[in-house]
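Below are the chains, spelled out letter by letter.
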Amino acid sequence: MEAKNMPVLGPGFWPARVIVDAEGLGVASKRARFEYNIIPDIIFLRNDGWTLGAPKQFEKVAFDMWYKEWAFFVRRPRSIWVPIEKYGGPR
C-alpha cells in the first residue's frame with residue numbers, strides 16, 4: 001500500500017469496523033462507541049485500505065481475522081501507521 005492511499009490518523013479518525021466481542025463481532029465505529037461503549041486501542045490497516053479496530057481484550061481476535069492481509073497497525077494514542085512486520089502481538 002502506498003503512503004498516499006493510507007488514511008490520515010487524527011483525533012477524529014475511527015476505523016471502518018470495531019470488534020466488540022470474543023466471537024469476532026464487528027460493528028460500525030459509531031455503534032461500538034455508543035452502544036457497546038468500546039473505543040479501539042489498536043487499529044489494523046488491510047492492504048486494500050480497509051480498517052479494523054479492537055480494544056485490548058479483543059486484539060488477537062481482530063488480528064487473526066485477516067492476519068495475511070494486514071499491512072499496517074497503530075496503537076492509540078499514537079498517530080503513525082507502523083508496518084505490520086513490527087507487530088509483536090497483543091500487549
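Please read these numbers as outputs of a predicted model, since none were measured by experiment.

### A look at the sheet that holds strand β2 (residues 26–28)
- The 6 strands are arranged β2-β1-β4-β3-β5-β6 in an open sheet whose pairing can be described as mixed. Looking along the sheet, the strands with just one partner apiece sit at the ends: β2 and β6 (82–83).
- Two elements, strand β3 (residues 42–46) and strand β4 (residues 51–54), share 4 bridges in a ladder whose sense is antiparallel. Counterpart to I43 in the pairing with β4 is G53.

### Remarks on the confidence of the model for the protein
- When pLDDT is averaged across the protein, the result is 90; 90% of the residues are at 70 or more.
- For the protein, the element scoring lowest by mean pLDDT is β6, at 94; strand β1 (residues 17–19) scores highest, at 98.

### Observations regarding the packing of aromatic side chains
- As enumerated under the stated definition, the model contains 8 aromatic pairs in all.
- Here the aromatic cluster, defined as three or more aromatic residues joined through ring pairs, consists of F44, W50, F63, W66, W70, F73 and Y87.
- Above the plane of the ring of W66 lies R46, whose end atom (NZ or CZ) is 4.9 Å from the centre.
- When the ring centre of W14 is taken as origin, the NZ or CZ atom of R76, which lies over that ring, is 5.4 Å away.

Cut-offs used in this document
- Residues numbered from 1 in each chain as written.
- Predicted model: local features only at pLDDT ≥ 70, side-chain atom pairs only at ≥ 80, totals over all residues.
- Heavy atoms only, no water.
- Pairing = 2+ DSSP bridges.
- Helix = DSSP H or I, 4+ residues; strand = E, 2+ residues; numbered from the N terminus.
- pLDDT = per-residue confidence, 0-100.
- Phe/Tyr/Trp six-rings, centres within 6.5 Å; stacked < 30°, edge-to-face > 60°.
- Lys NZ or Arg CZ within 6 Å of the ring centre and 35° of its normal.

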